Amino acid sequence: MGVKGSPLGDYLRARRAVVSPEEAGVTSHTRRRVPGLRRDEVARAAGISQEYYLRLEQGRDRTPSDQVLRALGRALMLDEAAVSYMLLLASAEPFDLPAQEAAVSMDNLAAILNAWPNTPAYIIDSRHTVVLSNAMARAVVPHALEPGVNIAEAVFSLPEVRALPTWDQLASRTVRRLRYYGYPFDPRLHELAARLSEQDPVFRTLWERQDVDPYYDGDVRPQVKGYGQIVLRHQTLVVPGTPGYLLCVYHAEPGTPSAEAIAHLAARISSTTV
């Protein structure tokens, strides 16, 4: 699974395959040989020629207008996040991602996390590898949020993570978020996806669908030693001036058992570091 020559074409094919004719309101009078919609059905629904749509899928036309892309989004029943991702694919160009990552000041990022000693927080790169994490994050999600750990690999490889009752939702969300924030021409991203696809058929199925989700906020339910399963609110923020780094923060609803657990955990960490 190397870097694709036409990320937009790959995306159109993948999304066309997962939209059923019934969902799209298409009536078929002949036997269908492929899952999902045919090229001519997508082209007709988007108001473009079949020949032009074929050129887009084959990567022979890489400069479609935003108007065409949004029409394709409607034809493929994409939500706003998926349309935004498709617009990115259409405009993406190769660049030296490792060089830009190497230029990021770790001291500045560490200062952000150190400002929240009582709040679980961590920073990941566009491949979801943990760049930095504070002690609270490592206590709430041990092993998976250590610097250098790739979250996608942890979700699909660590037995304690796979044993979570919410693993199915976690796995789907992880892949959708990895796809959304991953740089389409990043060879390391495709190497990671190829490795996980070979190891785990669930990952392979989810990755090939090309679903995306920025997951700006939502609930997480980690199992915290001594406290059981707690409910935390997760928020994702893009770190300005970095090549796709994300700041992820957890917080509990005030007055809840989860908030009490976080407060106790913070006090325990503070007492061991004084």
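- As recorded in an unreviewed UniProt entry, the protein goes by the name Transcriptional regulator, listed as coming from Promicromonospora citrea.

1. A look at the overall build of the protein
- Counting secondary structure elements, the protein contains 15 helices and 7 strands.
- Here the C-alpha coordinates of the protein stretch approximately 70 × 40 × 35 Å along the principal axes.
- Within the protein, the fraction of its 274 residues that count as buried is 47%.
- A separation of at least 24 residues holds for 55% of the contacts in the protein among residues at least 6 apart in sequence.
- Accessible surface computed for the protein: about 13900 Å², of which carbon and sulfur atoms make up 52%.
- The positive charge centre, built from 30 side chains, and the negative charge centre, built from 31, are 5 Å apart in the protein.

2. Details of the sheet that holds strand β1 (residues 121-124)
- Pairing in this open sheet of 5 strands is antiparallel, and the strands run β2-β1-β7-β6-β3 from one edge to the other. Whereas interior strands pair on both sides, the edge strands pair on one side only; in this sheet they are β2 (130-133) and β3 (217-220). In this sheet, adjacent strand axes meet at a mean angle of 25° when their direction is disregarded.
- Bridge count between β1 and β2: 3 bridges; the pairing is antiparallel. Each bridged residue has a counterpart across the sheet, and for I123 the counterpart in β2 is L132.
- Each of β1, β2 and β7 (246-251) is contacted by helix α8 (residues 106-114), which is oriented at about 50° to β2, the strand it contacts most.
- Packed on one face of the sheet, helix α12 (residues 167-181) meets β1, β3, β6 (232-238) and β7 and runs near 15° to β6.

3. Points about unusual backbone geometry
- The phi angle at M77 is positive, at roughly 60°, despite the residue not being glycine.
- Backbone geometry at Y215 places phi at a positive 45°, although glycine is not the residue there.
- Among the residues examined, Y215 registers a relative accessible area of 9% and is labelled buried.

4. Points about helix α6 (residues 80-91)
- For α6, built from 12 residues, the straight-helix expectation of 16 Å at 1.5 Å per residue is met to within 8% by its first-to-last C-alpha distance of 17 Å.
- Within the sequence span of α6, burial applies to A81, A82, V83, Y85, M86, L87 and L89.
- Looking at the packing, one finds that the buried side of α6 touches α1 (7-18), α5 (66-75) and α12.
- Between the side-chain oxygen of the N-cap and the backbone nitrogen of A81 there are 3.3 Å, and the N-cap of α6 in question is D79.

5. Digging into the packing of aromatic side chains
- With the rule as written, the count across this model stands at 9 aromatic pairs.
- Seen in terms of ring centroids, F156 and W167 are 5.5 Å apart; in terms of plane orientation they differ by 80°. Their pairing is edge-to-face. Taken together, the positions of F156 in helix α10 (residues 151-157) and W167 in helix α12 put the pair 11 residues apart, joining distant regions of the chain. Of the two residues, F156 and W167, both sit in the buried class.
- An aromatic cluster is defined as three or more aromatic residues linked by ring pairs; in this entry it consists of Y11, Y85, Y180 and Y181.

6. Remarks on the environment of L196
- Along the chain, L196 turns up in helix α13 (residues 187-199).
- Judged by relative accessible area, L196 falls into the buried class, the value being 1%.
- In sequence terms L196 and E153 are 43 residues apart; their C-alpha atoms lie 7.2 Å from each other.
- L196 has contacts with A152, E153 and F203, leaving out every residue within four places of it along the chain.

What counts, and at which threshold
- Residues numbered from 1 in each chain as written.
- Predicted model: local features only at pLDDT ≥ 70, side-chain atom pairs only at ≥ 80, totals over all residues.
- Heavy atoms only, no water.
- Helix = DSSP H or I, 4+ residues; strand = E, 2+ residues; numbered from the N terminus.
- Buried < 20%, exposed > 50% of the residue type's maximum accessible area, 1.4 Å probe, protein only.
- Contact = heavy atoms within 4.5 Å.
- Areas by Shrake-Rupley, 256 points an atom, 1.4 Å probe, with all protein chains shown as cover.
- Lys, Arg positive; Asp, Glu negative; His and termini not counted.
- Charge placed at Lys NZ, Arg CZ, Asp CG, Glu CD.
- Pairing = 2+ DSSP bridges.
- Axes fitted to C-alpha atoms, helices over the stretch in contact; angles between N-to-C directions.
- Expected span 1.5 Å × (residues − 1).
- Polar contact = N/O pair within 3.5 Å; in protein donor to acceptor, adjacent residues only side chain to side chain.
- Phe/Tyr/Trp six-rings, centres within 6.5 Å; stacked < 30°, edge-to-face > 60°.

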